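Residue-level structure breakdown
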Amino acid sequence: MGRMDGKVAFITGAARGQGRAHALRLAGEGADVIVTDLADRVETVSYPPATPEELAETVKEVEALGRRVAHFTADVRDFDALKAGLDSAVAELGGLDVLVANAGIINDVRPSWELDEANWQTMIDINLTGVWHATKAAVPHLIERGPGSSVILISSTAGLRGIPNIAHYNAAKHGVLGLARTLANELAPHRIRVNSVHPTNVRTAMIDNEFSAKIYRPDLEHPTFEDALPALAKINMWDVPYLEVEDVANAVLFLACEESRYITGAALPVDLGMSMKYSGA
Ligand SMILES: NC(=O)c1ccc[n+]([C@@H]2O[C@H](COP(=O)([O-])OP(=O)(O)OC[C@H]3O[C@@H](n4cnc5c(N)ncnc54)[C@H](O)[C@@H]3O)[C@@H](O)[C@H]2O)c1
């Protein structure tokens, strides 16, 4: 008996990183999954993009768990493409019970008043509007399925705190929290739950690169992820620099399955205490 037996879950940004981990964790507990990703370069983003091969690898790994998987490429900024891909996948797999809106980027690091227009706009379009698009495409299917469905929006500790030099990321991730709280109220009459997840640093391609290391080690010309570890650990309440993707996937599984049946409208930090860290004297 799996904790997700008989359920179908839709995960955005599933080619790699946390999105792939969510797909595998849910499939490992018996869910069939629908996975999507842009699997291509995003303008303004400087670290390596996810690839079609990585999306194919996610599909292969889900299949190896013995679950059914539907997949398509789409940009979460393109609502029509997202809806078309999801509608046909839901028809193939016979319904939808869970949305994990996970796709996201980081693209610029500087004081808010110096942020570039294009970087700000791309961030809001993907990390906030893209999440809304995923809910807009998925919610009619969830309502059709009825009580017991679950919506999980991936925010960040940046959706709870004003981390300096990433105002656009913070604004988008706080926006995701606002969207989750609103949807929780709107979907309450349908007994559909809506929660947000707020991870601290997670070791994925998003932060394991020179661009992100430079945020923490501006003193070095070409810092590595390892160079950034002491600074990353300082952010958290525990002296641990980052989470593994499975740590977030476990929280997503809990919110997706029946064990959390009366939890809705919650903002769940998976953050080594980061959002509650006391930095006073
Ligand atoms: N890594 C961290 O430290 C961290 C911490 C907190 C929250 N998050 C959030 O977790 C989520 C997953 O990030 P990750 O760490 O796995 O990084 P990642 O870069 O490995 O994965 C993000 C995925 O989203 C996809 N994506 C990006 N733009 C897209 C678009 N326009 N349309 C469709 N797909 C798109 C990418 O192709 C990629 O596969 C993001 O929302 C991120 O903001 C990350």
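Above this text is the structure in question.
**A word on the site of the ligand**
- By nearness alone, 29 residues border the ligand, and Asp37, Asn102, Tyr169, Val202 and Thr204 come closest of all.
- Within the side chain of Lys173, an N or O atom sits 2.9 Å from an oxygen atom of the ligand.
- In the complex, 97% of the free accessible area of the ligand, which totals 820 Å², lies under the protein chains.
- Taken together, the elements giving at least two residues each to the shell around the ligand come down to helix H1 (17-28) and helix H5 (167-187).

**Topic: the layout of surface pockets**
- In this structure, the second largest pocket spans a volume of roughly 230 Å³.
- Along the walls of the second largest pocket sit 13 residues, with Arg191, Ile192, Arg193, Arg261 and Tyr262 positioned nearest its centre.

**Things to note about the environment of Ala180**
- For Ala180, the position within the fold is in helix H5.
- According to the relative accessible area criterion, Ala180 is buried, its value standing at 3%.
- In this structure, the C-alpha to C-alpha distance between Ala180 and Val151, residues 29 residues apart in sequence, is 8.3 Å.
- Setting aside residues no more than four positions away along its own chain, Ala180 makes contact with Leu153, Val194, Asn195 and Ser196.

**Concerning the nonpolar core**
- Counting residues in each nonpolar core, the largest one holds 45 residues, and the members touching the most others are Phe10, Ile34, Leu86, Leu96, Val151 and Leu153.
- Elements with a minimum of two residues in this core: strand E1 (8-12), strand E3 (69-73), helix H3 (79-93), strand E4 (98-101), helix H4 (117-145), strand E5 (150-154) and H5.
- With nine residues, the top contributor of residues to this core is H4.
- Beyond its immediate sequence surroundings of up to four residues, Ile34 is in contact with Val8, Ala9, Phe10, Ile11, Ala70, Phe72, Leu86, Ala89, Val90, Leu93 and Leu96.
- Core analysis: the next-biggest nonpolar cluster, separate from the first, contains 35 residues, Ala15, Val62, Val252 and Val270 among them.

**Some points on the pairing of strand E6 (residues 193-199)**
- Buried residues dominate E6, accounting for seven of its seven residues.
- On E6, burial covers both faces: Arg193, Asn195, Val197 and Pro199 on one face and Val194, Ser196 and His198 on the other are all buried.
- The pairing of E5 with E6 spans five bridges and is parallel. Looking across to E6, one finds that Leu153 is bridged to Ser196.
- Handedness of the β-α-β unit built from E5, H5 and E6 comes out right-handed.
- Of the strand pairs in this sheet, E6 and strand E7 (residues 267-270) are connected by four bridges, and their pairing is parallel. Note on E7: the bridge partner recorded for Pro199 is Val270.

**Details of helix H8 (residues 245-256)**
- In this model, H8 (12 residues) spans 16 Å end to end at C-alpha, consistent with the 16 Å of a helix rising 1.5 Å per residue.
- For H8, the complete set of buried residues consists of Val245, Val248, Ala249, Ala251, Val252, Leu253, Leu255 and Ala256.

**So, unusual backbone geometry**
- One non-glycine residue, Asn165, adopts positive backbone phi at about 75°.
- Topologically, Asn165 is positioned in the loop between E5 and H5.
- Of note in this structure, Arg191 is not a glycine but carries a positive phi near 60°.
- Under the relative-accessibility criterion, Arg191 is labelled exposed at 60%.

**Some thoughts on the pattern of salt bridges**
- A complete count under the given rule lists 14 salt bridges for this structure.
- One salt bridge connects Asp32 with Arg67, and the closest N-O pair in it is separated by 3.2 Å. Linking Asp32 in strand E2 (residues 32-37) with Arg67 in the loop between helix H2 (52-64) and E3, this pair joins segments that are 35 residues apart in sequence.
- Here Arg67 falls in the partly exposed class, since its relative accessible area comes to 28%.

Each value, and the rule that gives it
- Residues numbered from 1 in each chain as written.
- Predicted model: local features only at pLDDT ≥ 70, side-chain atom pairs only at ≥ 80, totals over all residues.
- Heavy atoms only, no water.
- Near = heavy atom within 4 Å.
- Polar contact = N/O pair within 3.5 Å; in protein donor to acceptor, adjacent residues only side chain to side chain.
- Areas by Shrake-Rupley, 256 points an atom, 1.4 Å probe, with all protein chains shown as cover.
- Helix = DSSP H or I, 4+ residues; strand = E, 2+ residues; numbered from the N terminus.
- 1 Å grid on protein atoms, 1.4 Å probe; cavity = no way out; pocket = protein on both sides within 12 Å on 5 of 7 lines; lining within 4 Å.
- Points joined across faces, edges and corners; volume = space filled by probe spheres on them.
- Buried < 20%, exposed > 50% of the residue type's maximum accessible area, 1.4 Å probe, protein only.
- Contact = heavy atoms within 4.5 Å.
- Core = buried A, V, L, I, M, F, W, Y, C linked by side-chain atoms within 4.5 Å.
- Pairing = 2+ DSSP bridges.
- Right-handed = clockwise from strand over helix to strand, strands pointing away.
- Expected span 1.5 Å × (residues − 1).
- Salt bridge = Lys/Arg side-chain N within 4 Å of Asp/Glu carboxyl O.

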